Amino acid sequence: MLDRILRVDHAGEYGANRIYAGQMAVLGRTRIGPLIQEMWDQEKKHLAKFNEILAESRVRPTALLPLWNIAGFALGASTALLGKECAMACTVAVEESISEHYNSQIRALMEKDPERYTELLHVIKEFRDDEMEHHDTGLEHEAETVPGYWLIKNAIQLGCKVAIYASERV
Ligand SMILES: [Fe+2]
Ligand SMILES: [Fe+2]
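Only a predicted model underlies this, so the values are computations on that prediction, with no experimental measurement involved.

Q: Tell me about the pattern of salt bridges, and name the residues and values.
A: Side-chain pairing between opposite charges can occur once the charged atoms of the two side chains come close. Tallied over the entire structure, the rule returns 7 salt bridges. Between Asp41 and Lys44 there is a salt bridge, and its shortest N-O distance comes to 3.8 Å. Here Asp41 pairs with Lys44, and both are found in helix H2 (residues 33-57), just 3 residues apart, close to one helical turn. In this structure Asp41 comes out as partly exposed when scored by relative accessible area, which is 33%. One salt bridge connects Glu142 with Lys84, and the closest N-O pair in it is separated by 3.5 Å. Taken together, the positions of Glu142 in the loop between helix H5 (118-140) and helix H6 (149-169) and Lys84 in helix H4 (residues 84-112) put the pair 58 residues apart, joining distant regions of the chain. Exposure remark for Glu142: the relative accessible area of 41% places this residue in the partly exposed category. The exposure class assigned to Lys84 is partly exposed, which follows from its relative accessible area of 29%. Three or more residues are tied together by salt bridges with common partners; here these are Lys84, Glu85 and Glu142.

Next up, the structure:
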């Protein structure tokens, strides 16, 4: 169970980094650039932490990283090309999926053995709070004003579910 949790979390943070990289490639020089950079910087810290935990625990990363490299960047850049509101809609969708995912892991680890997983629980809770903040930032920056918001959000969240399912297993 622990291997799966660490592998999928690492994959998620890796993908998030690629999404923000894609957004920055398009919107980096606009007024929203610094805000996206701020969120990306936090994702870099999240990823660094999971790189560290994976190495310590001798868990291999998912074999799908090359796919998330391309898909994440493409998702970030393509939504950003449709405008900053669409980029923010993408952020809301992804960050909501990640926070829900972290919450379900917190529940699972608490049920299993909270004493044993104290350190990991602390990390996941902290990151979950950051992702919730990213989610709220997206909403504050007019994510919901983009035409087809619910369709875009649901499509991206379906993609997240598939990515989570696959990254736990491959
Ligand atoms: Fe993150
Ligand atoms: Fe995030």
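Q: So, the side chain of Glu43: which residues are in play, and what are the values?
A: Along the chain, Glu43 turns up in helix H2. Residues contacting Glu43, with those up to four places away along its chain left out, are Glu13, Ala16, Asn17, Tyr20, Glu95, Glu131 and His134.

Q: Break down the coordination of the iron ion (ligand 2) for me, with residues and values.
A: Protein coordination of the iron ion (ligand 2) is provided by Glu43 (OE), Glu95 (OE), Glu95 (OE), Glu131 (OE) and His134 (ND1), with donor distances spanning 1.8 to 2.4 Å. Look at where the donors of the iron ion (ligand 2) fall in the sequence and you get E-x51-E-x35-E-x2-H. Between the iron ion (ligand 2) and the iron ion (ligand 1) the interatomic distance amounts to 3.8 Å, and Glu43 serves as a bridging ligand to the pair. Linking Glu95 in helix H4 with His134 in helix H5, this pair joins segments that are 39 residues apart in sequence. For the residue pair Glu95 and His134, the accessibility class agrees, reading buried in each case.

Q: Mind laying out the UniProt feature "binding site: Fe cation 2" (unreviewed entry) in the chain, listing which residues take part and the relevant values?
A: Under the local residue numbering, the UniProt record ascribes the feature "binding site: Fe cation 2" (unreviewed entry) to Glu43, Glu95, Glu131 and His134. Judged by maximum C-alpha separation, these annotated positions cover 92 residues in sequence but sit close together in space, the widest gap being only 11.1 Å. On the basis of relative accessibility, which here comes to 0%, the residue Glu43 falls in the buried class. Take His134: its relative accessible area is 2%, and that puts it in the buried class.

Q: Lay out the UniProt feature "binding site: Fe cation 1" (unreviewed entry) in the chain in plain terms, naming residues and giving numbers.
A: Cross-referencing UniProt, the feature "binding site: Fe cation 1" (unreviewed entry) maps to Glu13, Glu43, His46 and Glu131 in the present numbering. Across 119 residues, the annotated set stays spatially compact, with a maximum C-alpha separation of 10.3 Å. Inspection of the secondary structure puts His46 in helix H2. Beyond its immediate chain neighbours, meaning those up to four positions away, His46 contacts Glu13, Phe127, Asp130 and Glu131.

Q: Describe in detail the packing of helix H1 (residues 2-27) against H2, supporting the description with residues and values.
A: Here H1 crosses H2 at 155 degrees, and the two axes come no closer than 8 Å. Classified by the interaxial angle, the pair formed by H1 and H2 is roughly antiparallel. In terms of crossing hand, the pair formed by H1 and H2 is left-handed.

Q: Could you give me a rundown of the coordination of the iron ion (ligand 1), with the residues and numbers involved?
A: The coordination sphere of the iron ion (ligand 1) contains the protein donors Glu13 (OE), Glu13 (OE), Glu43 (OE), His46 (ND1) and Glu131 (OE), at a distance range of 2.0 to 2.7 Å. Going along the chain, you hit the donors of the iron ion (ligand 1) in the pattern E-x29-E-x2-H-x84-E.

Q: If you had to explain the packing of aromatic side chains to someone new, which residues and values would you point to?
A: In the structure shown here, the tally under the stated rule is 2 aromatic pairs. Centroid distance Phe50 to Phe127: 5.8 Å. Interplanar angle 70 degrees. Geometry classified as edge-to-face. Placement of the pair is Phe50 in helix H2 and Phe127 in helix H5, with a sequence separation of 77 residues. In this structure Phe50 comes out as buried when scored by relative accessible area, which is 0%.

Reading guide: rules and limits
Residues numbered from 1 in each chain as written. Chains lettered and ligands numbered in written order. Predicted model: local features only at pLDDT ≥ 70, side-chain atom pairs only at ≥ 80, totals over all residues. Heavy atoms only, no water. Salt bridge = Lys/Arg side-chain N within 4 Å of Asp/Glu carboxyl O. Helix = DSSP H or I, 4+ residues; strand = E, 2+ residues; numbered from the N terminus. Buried < 20%, exposed > 50% of the residue type's maximum accessible area, 1.4 Å probe, protein only. Contact = heavy atoms within 4.5 Å. Donors = N, O, S within 2.8 Å, 3.2 Å for Na, K, Ca; no water. UniProt positions renumbered as here; feature names shortened; annotations may be inferred. Axes fitted to C-alpha atoms, helices over the stretch in contact; angles between N-to-C directions. Parallel < 35°, antiparallel > 145°, perpendicular 65-115°, else oblique. Left-handed = near helix turned anticlockwise from the far one by under 90°. Phe/Tyr/Trp six-rings, centres within 6.5 Å; stacked < 30°, edge-to-face > 60°.

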